[in-house]
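Structure at a glance
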Amino acid sequence: MRLLFVPGPDGDAAGAGVGGDDGDGFEATCEILVRLTSEYDERRRGSEAGSLDEFTVEQALEYRHRGTADGRLALWREEHVRALLLEWLPRNVTVLPEEIEEHDAPGAVATLVEFLAASGLLDVRSDDPARLRGVAESLRQAHAEAMEDPRFMRSAKFWMLTAARSGVDVRDERALDRFIADVRAGRVEYDEAALAKVMGNQFLGGFLGAGPDGHSLLEERTLPLPVVDLGDEEALREAAASVDILGQLAEVARWLGKDGRPLTKTGRLKTADALELACHLGIDRGLGAVAGPLKHLAGDGFDHIRRADQLPYLRLLVEWAREARLVRAYRGRLVAVAGARTVREDPLALAARALTALPALRDPLLIGPVWDVPSRLYPRFDLLLTDLLAALYGMPAGTPWPMLWHTVRAGHLDDDRWPGEGEDTYSPAELRVVLDLLVRTGVIAFERGPVDASVLDGLRSLAAEDGSTGPAAHLRALLRSCEGDDVELLRLTPLGTYAVRELLTLLGRFAPALGDLRTADATTLLAALFDEYDDQHTRTELAGWIEAAGGWDTARPVLADALKRVRLHARRNGLLRMLVAELPDGYGPDLLRHLRTDPELAPSALFVGQEQAAEATLRADKATEHGPDGMEDMDDREYALAATESLLLMRELDGETGLLDAVGHTRADAETLTTMLRVAQTSGHPDISGLERLAAVDVAALRARSSHLGRLRADAARKRKSGSARKKGNRRKRR
């Protein structure tokens, strides 16, 4: 069971990390977590009245998945509770008057966090659960007011609440239709001022947020970034030291000296100083012929200079040094930033600082002194360049230039023209100049060759849709431009990967790199590897972590303790399965053998070991004499423990009905399940509360209920089929 998913357009999501697992997909995991949280709440309440607001728990998980940048279901801080109660729920949930007593959002989110903590799932970076409950309770009144606030309503919610308050049964479609007819006829009183706010929100600029100055507390979900190998820092530092532009940026600060140079009233260097600096830097070279349409970046001439703005390439370098915080204006002078000396003297740090400043340089890059109209790239240049670099980040193969331009145009220029329909040739030429500047900065490399097969396969799949015009035709044209053996490809250099990671981290993105987890605690290590790393990087990171821990003998008990903190069977078994598969040097089977003797972890070890042995049998794996994990010598007690673990896992993932579904619905199957449940009670499994839930399973009642539900489903299927046939018949009649 994973706790981080990539959002998909279909409403579901695939796991962001390695391999498949039980509950792999946001919708399935959400359903399981809601049910388990409800069961946790029931056990905690005991005989106390009340019940959990399960719908709010579901919405809380939905919010973390879609309304936050990182999407981590198990990471909860005060700002998350605040955003959920004050904005996400008011925007997305309608609570009818008769449902107010049942709607306990503060209690629901607090209970969810407490369940995650009790199950060992809560991210270690979370705030204390008791503190979060206090925050939630303190927002109870504010949440109730926000649920009624027109700022967060769409028109559908406004009219639904108005109808309910007028005594209309909003679940009765005919009654709701009559109410709407009455509204249109002017027979219904409603809050006109509130409706004006609702319509203003919906059609005149969007919703206001619950944050300061109306800013939204919600965030745009970002895709998880791939794990990268940054390589050797000294090699990267040597590469950065050879980049001329980086040296020029550092030289701007050195040239200013101790006292700096005076600025004009417009904030620029005086002409004589600007000309002196231009000659000192040798910027007559500039970008040369590759400057193309951005001619002001070709290089500055030094003849007949009367104003500093006649040196546009110098302006770029000075503004770049300012944005990189190497120099600044102070009391009418341009001075070097004293605290940036270590950055100037470290080429690698300078490269990262320079790249993070580049997206802010749209004025000197795109306008220049010769243009009356700014570039089409200008309005969103910072986002455009950042997204472009993020698209190249971590790519294992070069990205074709036609595809990159297609992405930029579709995402940032609102350009829906197809090939041959007034194609824009000026903007891509300008973007190429910016990319050539990145080549000069050592960040990007251009090369020519065939496009990677996986990229072409993806394009072919998208372009296979029917239609001779529109998106499908455009994608087919894009595919043709990417086929062949001489396509222009872009990739980040190792220095570029390092610098872009710094940029993305500065923007709040989580950008994992090999070695990040070498000194992490075991709980953080396992969670990160399971949710966010692929197989190859998991294997490498585990090897590095074991080495940093002092070797396998030291690491093994630490990993075992981390597994014990995870109380959810699906999660614990998934973590153990990952370790067995990815630990280096045969440590996986050794871990299983060691855990067989641990009273708390033995059931998981036996269960996972049986899985491994079954998979090896299916593969006809004869590599070892006694099976891959040494599970051939299990005794009756161990078989009982493994069987009980299987029952607990099925009960956890699918509920009581899932037990019967997994075993079967016949009388013999029910008797088998009864026997298995009886064996579980005497197995000695350490999950006492789980055994109590198994003891409460009424197989006969389950079987009767399942049979009844089966008949209901069959009836519903027949009705759907009958309804579908009637609709087809009606369509034929209309023709």
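Structure: see above.
Model, not experiment: these values are computed from the prediction. (Residues numbered from 1 in each chain as written. Predicted model: local features only at pLDDT ≥ 70, side-chain atom pairs only at ≥ 80, totals over all residues. Heavy atoms only, no water.)

**Some remarks on the nonpolar core**
Ranked by internal contacts, the top residues of the largest apolar core, which has 86 residues, are W320 and L389. A total of eight residues in this core trace back to one element, the largest contributor, which is helix 11 (residues 244-256). With residues up to four places along the chain from it excluded, the contact list for L389 reads L355, L438, I444, L492, V500 and L503. Membership of the second largest hydrophobic core comes to 79 residues, among which are L86, L218, L525 and A528. (Core = buried A, V, L, I, M, F, W, Y, C linked by side-chain atoms within 4.5 Å. Buried < 20%, exposed > 50% of the residue type's maximum accessible area, 1.4 Å probe, protein only. Helix = DSSP H or I, 4+ residues; strand = E, 2+ residues; numbered from the N terminus. Contact = heavy atoms within 4.5 Å.)

**Section: the pattern of salt bridges**
Here the structure, examined in full by the defined rule, presents 41 salt bridges. When the shortest N-O distance is used, the salt bridge between R140 and D104 registers 3.0 Å. Of this pair, R140 sits in helix 6 (residues 140-147) while D104 sits in the loop between helix 3 (78-92) and helix 4 (105-118), placing them 36 residues apart in sequence. Taking the relative accessible area as the measure of exposure, R140 reaches 32% and is therefore partly exposed. Taking the shortest distance from any N to any O, the salt bridge between R237 and E233 comes out at 3.7 Å. Taken together, the residues span about one helical turn, with R237 and E233 both in helix 10 (residues 233-241) at a distance of four residues. When salt bridges with common partners are traced through the structure, they connect D41, R44, R45, E114 and R133 into a single cluster. (Salt bridge = Lys/Arg side-chain N within 4 Å of Asp/Glu carboxyl O.)

**Thoughts on a negative patch on the surface**
Where like charges cluster on the molecular surface, the negative patch consists of E27, E31, E58, D654 and D661. Within the residue set of the negative patch, elements represented by two or more residues are helix 1 (26-45) and helix 29 (636-663). With respect to the element layout, E31 can be found in helix 1. On the accessibility criterion, E31 (59% relative accessible area) is exposed. (Patch = residues over 30% accessible without salt bridge, like charges linked within 9 Å, V, L, I, M, F, W, Y side chains within 5 Å. Areas by Shrake-Rupley, 256 points an atom, 1.4 Å probe, with all protein chains shown as cover. Lys, Arg positive; Asp, Glu negative; His and termini not counted. Charge placed at Lys NZ, Arg CZ, Asp CG, Glu CD.)

**Let's talk about the sheet that holds strand 6 (residues 399-400)**
Across the sheet, three strands lie side by side as 6-8-7; this open sheet has antiparallel pairing. The open sheet has two free edges, formed respectively by strand 6 and strand 7 (444-449), since each of these has just one partner strand. Contacts from helix 19 (residues 426-440) reach strand 7 and strand 8 (487-492) within the one sheet, and its direction differs from that of strand 7 by about 110°. (Pairing = 2+ DSSP bridges. Axes fitted to C-alpha atoms, helices over the stretch in contact; angles between N-to-C directions.)

**Digging into the packing of helix 25 (residues 552-564) against helix 27 (residues 587-595)**
Their axes nearest at 11 Å, the elements helix 25 and helix 27 cross at an angle of 60°. With respect to each other, helix 25 and helix 27 are oriented oblique. Relative to helix 27, helix 25 is oriented so that their crossing is right-handed. Only Y587, D590, L591, H594 and L595 of helix 27 make contact with helix 25, whose side of the interface consists of W552, R556, A560 and L563. The residue makeup of the contact of helix 25 with helix 27, split by class, is six nonpolar, one polar and two charged. (Parallel < 35°, antiparallel > 145°, perpendicular 65-115°, else oblique. Left-handed = near helix turned anticlockwise from the far one by under 90°. Nonpolar A, V, L, I, M, F, W, Y, C, P; charged D, E, K, R; others polar.)

**Examining the side chain of D598**
Residue position: D598 is located in the loop between helix 27 and helix 28 (602-618). Among the residues examined, D598 registers a relative accessible area of 14% and is labelled buried. Within the structure, the side chain of D598 is placed 3.0 Å from the side chain of K564, a separation counted as a polar contact. (Polar contact = N/O pair within 3.5 Å; in protein donor to acceptor, adjacent residues only side chain to side chain.)

**A few points about the packing of aromatic side chains**
Two numbers describe a pair of aromatic rings. These are the distance of the centres and the angle of the planes. Within the structure shown, the criterion is met by five aromatic pairs. The interplanar angle of 50° and the centroid separation of 6.3 Å between the aromatic rings of Y63 and W76 together place this pair among those described as tilted. In this pair, Y63 sits in helix 2 (residues 54-66) while W76 sits in the loop between helix 2 and helix 3, placing the two residues 13 residues apart along the sequence. Of the two residues, Y63 and W76, both sit in the buried class. Three or more aromatic residues link up through ring pairs in this structure, and these residues are Y63, W76 and W88. (Phe/Tyr/Trp six-rings, centres within 6.5 Å; stacked < 30°, edge-to-face > 60°.)

**Some points on the side chain of N573**
Mapped onto the elements, N573 comes out in helix 26 (residues 569-582). With residues near it in sequence (within four places) discarded, N573 still touches S604, F607, V608, E645 and L649.

**Description of helix 24 (residues 535-549)**
What sets the pattern is the α-helix's 3.6 residues per turn: residues three or four places apart point alike. Over its 15 residues, helix 24 extends 21 Å from the first C-alpha to the last, a length consistent with the 21 Å expected when each residue adds 1.5 Å. Taken as a whole, helix 24 has its buried residues at H537, T538, E541, L542, G544, W545 and I546. In this structure, the buried side of helix 24 is in contact with helix 23 (522-532), helix 25, helix 26 and helix 27. Of the residues flanking the end of helix 24, it is G550, one or two places downstream, whose phi is positive at about 105°. (Expected span 1.5 Å × (residues − 1).)

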